[in-house]
Amino acid sequence: MESASAAIDLKIKELGDWRGTTLAKVRDIIRKADPEIVEEWKWAKATSPGTPVFSHGGIVCTGETYKHIVKLTFAKGASLPDPSGLFNSSLEGNVRRAIDISEGDKINEAALKDLIRAAVALNLKKKPKAR
């Protein structure tokens, strides 16, 4: 079995268009925001090739690609501060939030790094012990 990072590299190469370029760019931003991020490849099955997942103390976000968007879904996005208003999708949920990036969209790197760091901090927060 190939490594998750190699699978993500292959996905970027196979896309061969703006979606691959965008996925590579957000992946780079995620790695810069948290050098300890772990790349995973999850949910592969006969009907789906799987999804790139970025984790640190739990899932931070996924990097899905569709025909017209690259979607970064934050597992605990509803609990994260988003002062720059990056979240523009899955806003009705109680847990997840997503950022849909369309062709030609500019990515606010500083705000995305802040969101990544906040997601990691939330994942690493110690849970109170039950009495």
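Read on for an overview of the structure. (Residues numbered from 1 in each chain as written. Predicted model: local features only at pLDDT ≥ 70, side-chain atom pairs only at ≥ 80, totals over all residues. Heavy atoms only, no water.)

## Re the pattern of salt bridges
Taken as a whole and judged by the stated rule, the model has nine salt bridges. Across the pair Arg27 and Glu39 runs a salt bridge whose closest N-O atoms are separated by 2.7 Å. Of this pair, Arg27 sits in helix 2 (residues 18-33) while Glu39 sits in strand 1 (residues 38-42), and the two are 12 residues apart along the sequence. On the accessibility criterion, Glu39 (12% relative accessible area) is buried. Residues joined by salt bridges that share partners form a network here, namely Asp9, Arg27, Arg31 and Glu39. (Salt bridge = Lys/Arg side-chain N within 4 Å of Asp/Glu carboxyl O. Helix = DSSP H or I, 4+ residues; strand = E, 2+ residues; numbered from the N terminus. Buried < 20%, exposed > 50% of the residue type's maximum accessible area, 1.4 Å probe, protein only.)

## Notes on the packing of aromatic side chains
Across all of its chains, the model carries one aromatic pair by this definition. Geometrically, the ring pair formed by Phe74 and Phe87 is edge-to-face, given 5.4 Å between the ring centres and 75° between the ring planes. Here Phe74, found in strand 4 (residues 70-74), pairs with Phe87, found in the loop between strand 4 and strand 5 (97-101); they are 13 residues apart in sequence, far enough to count as distant. Across the pair, exposure class does not vary: Phe74 and Phe87 are buried alike. (Phe/Tyr/Trp six-rings, centres within 6.5 Å; stacked < 30°, edge-to-face > 60°.)

## Some details on helix 2
In this model, helix 2 (16 residues) spans 22 Å end to end at C-alpha, consistent with the 22 Å of a helix rising 1.5 Å per residue. Trp18, Arg19, Gly20, Thr22, Leu23, Val26, Arg27, Ile29, Ile30 and Ala33 are the residues of helix 2 that are buried. Of the residues flanking the start of helix 2, the one acting as N-cap is Asp17, its side-chain oxygen 3.0 Å from the backbone nitrogen of Arg19. (Expected span 1.5 Å × (residues − 1). Polar contact = N/O pair within 3.5 Å; in protein donor to acceptor, adjacent residues only side chain to side chain.)

## Section: helix 3 (residues 109-124)
If you check helix 3, its first and last C-alpha atoms are 22 Å apart, about what 16 residues at 1.5 Å a residue would give, namely 22 Å. Considered for burial, the residues of helix 3 that qualify are Ala111, Leu112, Leu115, Ile116, Ala119, Val120 and Asn123. Each element contacted by the buried residues of helix 3 is listed here: helix 2, strand 3 (59-65), strand 4 and strand 5. (Contact = heavy atoms within 4.5 Å.)

## Examining the pairing of strand 2 (residues 51-55)
In terms of burial, strand 2 is largely enclosed, as five of its five residues are buried. Here five bridges tie strand 1 to strand 2, and the two strands are oriented antiparallel to one another. Paired with Trp41 across the bridge in strand 2 is Pro52. When strand 2 meets strand 3, the two strands line up antiparallel, connected through three bridges. Opposite Phe54, over in strand 3, you have Cys61 as the bridge partner. Joining the antiparallel neighbours strand 2 and strand 3 is a turn of three residues, in which Gly57 adopts a positive phi near 70°. (Pairing = 2+ DSSP bridges.)

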